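Chains, contacts and geometry: an overview
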Amino acid sequence: MRKSWSIAVRVLGLSFLAAALASPVLAASGNAARGQTKAAACAGCHGADGNGGADPTWPKLAGQDADYIAKQLVDFKSGARKDPIMAGMAAPLSAQDAKDIGAYYAGLKAKAGAAKSAELAKQGERIYRGGITNRGVSACMSCHGPSGHGIPPRYPRVSGQGPAYTEKQMLAFKSGARSNDGDIMTRIAFRMSEQEIKAVSDYMAGLH
Ligand code: HEC
Ligand code: HEC
């Protein structure tokens, strides 16, 4: 009896180990080459190099976490995240298409951005690094990383993003218009003023 337990434990232990080793591969199960073909229709707004387009509210996707991109596409398709343009773009995509496209954009190089106002960026930096303690706003850095590169697979990259896009998302989280975040960002943004949102958005644009 004991012997069979120890074998079972060993076998289980090995399969856990195998699962642990396999998970990064699973997480990156998108095929970037196929993703590139499927992303042909996206370049007009998100840029041929994934660094955004003519309108400042069209986000950069280059260097964004693959799983985060795939999740957003699935959410646009289901309506969990609402945007009239992206609902249409995501409608024909399968879950595998979303993963492939995620893998493609994750592999592109994000171009650095810049803050527009030194004064706003200074205020934004305090919020990004230290949060707003008396209102229970956690430091953004604790989830999005000290350089804003995100922590895959859950926390997206926020550095270098166009400040108009970031501000629009923060205001949407604040109002609840964007609520596909498991209640994390909506709670944070709800406690921030519009001015604080502007400041942290400007700071993150220049973060790299
Ligand atoms: C006509 C312009 C346009 C086209 C074409 C377009 N997008 Fe978008 N995309 C947008 C806009 C605008 C947003 C921001 C929506 C919002 O404000 O919530 C967006 C957001 C996104 C996001 C979320 C980014 C983030 O950081 O959360 C992803 C992912 C995305 N698009 C992928 C795609 C893919 C893949 C395609 C092609 C299949 C595509 N888009 C085509 C305009 C476009
Ligand atoms: C407890 C973890 C956590 C903290 C702290 C946090 N975030 Fe987030 N943030 C998230 C998660 C998770 C998402 C992705 C939500 C989703 O899946 O749609 C996100 C998404 C975002 C997005 C949307 C990115 C995009 O491409 O659309 C922005 C902008 C953002 N966070 C800014 C901030 C700012 C600014 C702060 C600090 C004031 C902050 N976050 C603090 C977890 C966090």
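Residues numbered from 1 in each chain as written. Chains lettered and ligands numbered in written order. Predicted model: local features only at pLDDT ≥ 70, side-chain atom pairs only at ≥ 80, totals over all residues. Heavy atoms only, no water.

**What about the site of ligand 2?**
Lining the immediate environment of ligand 2, one finds 26 residues, of which Cys-140, Cys-143, His-144, Tyr-165 and Met-185 sit closest. A distance of 2.8 Å separates a nitrogen atom of ligand 2 from a polar atom in the side chain of His-144. The set of elements that each furnish at least two residues to the shell around ligand 2 consists of α4 (66–78), α8 (141–144), α9 (163–175), α10 (184–190) and α11 (194–205). Considered class by class, the residues forming the shell around ligand 2 number 15 nonpolar, 7 polar and 4 charged. Domain assignment of the residues forming the shell around ligand 2 places at least three in each of domain 1 (32–38 + 50–106) and domain 2 (118–205). (Near = heavy atom within 4 Å. Polar contact = N/O pair within 3.5 Å; in protein donor to acceptor, adjacent residues only side chain to side chain. Helix = DSSP H or I, 4+ residues; strand = E, 2+ residues; numbered from the N terminus. Nonpolar A, V, L, I, M, F, W, Y, C, P; charged D, E, K, R; others polar. Domains from an automatic or database assignment.)

**Overview of the coordination of the iron atom of ligand 1**
All of the protein donors around the iron atom of ligand 1 are His-46 (NE2) and Met-86 (SD); their distances to the metal are 2.0 to 2.2 Å. The site at the iron atom of ligand 1 holds 6 donor atoms, and with the angles between them running 87 to 178 degrees, its shape is octahedral. Highlighted residues: His-46 in helix α3 (residues 43–46) and Met-86 in helix α5 (residues 84–90), separated in sequence by 40 residues. Across the pair, Met-86 and His-46 agree in class, each one buried. (Donors = N, O, S within 2.8 Å, 3.2 Å for Na, K, Ca; no water. Tetrahedral: all angles 85-135°; square planar, octahedral: opposite > 155°, others 65-115°. Buried < 20%, exposed > 50% of the residue type's maximum accessible area, 1.4 Å probe, protein only.)

**Quick word on the coordination of the iron atom of ligand 2**
Working reference: metal with six octahedral donors, ideal angles 90 or 180 degrees; metal with four tetrahedral donors, ideal angle 109.5 degrees. Bound to the iron atom of ligand 2 are the protein donor atoms His-144 (NE2) and Met-185 (SD), situated 2.1 to 2.2 Å from the metal. Relative to the metal, the 6 donor atoms surrounding the iron atom of ligand 2 lie at angles of 85 to 178 degrees, and the coordination shape comes out octahedral. Here the residue His-144 occupies a position in helix α8, and Met-185 occupies one in helix α10, the gap between them amounting to 41 residues. By the burial criterion, His-144 is buried, and Met-185 matches it.

**A word on empty space enclosed by the protein**
In the structure shown here, the tally under the stated rule is 1 cavity of 30 Å³ or more. Its boundaries defined by the atoms lining it, the largest cavity holds a volume of some 70 Å³. Around the largest cavity sit Lys-60, Ala-62, Gln-64, Ala-110, Lys-111, Arg-157, Ser-159, Gly-160 and Gln-161, which together line it. Grouping the constituent residues of the lining of the largest cavity by class yields 2 nonpolar, 4 polar and 3 charged. Per-domain counts for the lining of the largest cavity show at least three residues from each of domain 1 (32–38 + 50–106) and domain 2 (118–205). (1 Å grid on protein atoms, 1.4 Å probe; cavity = no way out; pocket = protein on both sides within 12 Å on 5 of 7 lines; lining within 4 Å. Points joined across faces, edges and corners; volume = space filled by probe spheres on them.)

None of this, on its own, says anything about what the molecule does.
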